[in-house]
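Now for the letters of each chain:
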Amino acid sequence: AYVCVFSSEPAAANARWYILDLAIGWQDYTDNVSFSQNRKTATIRLTDGGPGDADGAVNGVIVDPSGLTA
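## Focus: the nonpolar core
Within the largest apolar cluster, seven residues are counted, these being Trp17, Ile19, Tyr29, Val33, Ala42, Ile44 and Leu46. Setting aside residues no more than four positions away along its own chain, Ala42 makes contact with Val3, Cys4, Val5, Trp17, Val33, Ser34 and Phe35.

Shown next as structure tokens:
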């Protein structure tokens, strides 16, 4: 699945996207995110039961505790 997050302000050039893994803590997930040219849109790649899904189950629900940091 792809999720787009829109912002009225551009993300900083050094911004990173982190996701919370309850077993090991915050993890850098930036390799799975692409920013638009103006950096106001972040497109996040998530997989049910896989990368980006905190519940780890293939169940039609993606749990994604994540966010942008600078």
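## Things to note about the side chain of Thr30
Along the polypeptide, Thr30 turns up in the loop between β3 (25–28) and β4 (33–35). Polar side-chain contacts of Thr30 include one of 2.9 Å to the backbone nitrogen of Trp17. Here Thr30 is in contact with Arg16 and Trp17, once residues within four sequence places are set aside.

## Remarks on the sheet that holds strand β6 (residues 66–69)
Taken in spatial order, the three strands line up as β3-β2-β6 in an open sheet, and their pairing is antiparallel. A strand with exactly one partner marks an edge of an open sheet, and here the two such strands are β3 and β6. With direction set aside, neighbouring strand axes in the sheet form an average angle of 35°. Note that strand β2 (residues 16–21) and β3 share four bridges and pair antiparallel. The residue of β3 that forms the bridge with Leu20 is Trp26.

Reading the values: the criteria
- Residues numbered from 1 in each chain as written.
- Predicted model: local features only at pLDDT ≥ 70, side-chain atom pairs only at ≥ 80, totals over all residues.
- Heavy atoms only, no water.
- Core = buried A, V, L, I, M, F, W, Y, C linked by side-chain atoms within 4.5 Å.
- Buried < 20%, exposed > 50% of the residue type's maximum accessible area, 1.4 Å probe, protein only.
- Contact = heavy atoms within 4.5 Å.
- Helix = DSSP H or I, 4+ residues; strand = E, 2+ residues; numbered from the N terminus.
- Polar contact = N/O pair within 3.5 Å; in protein donor to acceptor, adjacent residues only side chain to side chain.
- Pairing = 2+ DSSP bridges.
- Axes fitted to C-alpha atoms, helices over the stretch in contact; angles between N-to-C directions.

Everything listed here is a matter of geometry and, on its own, says nothing about what the molecule does.
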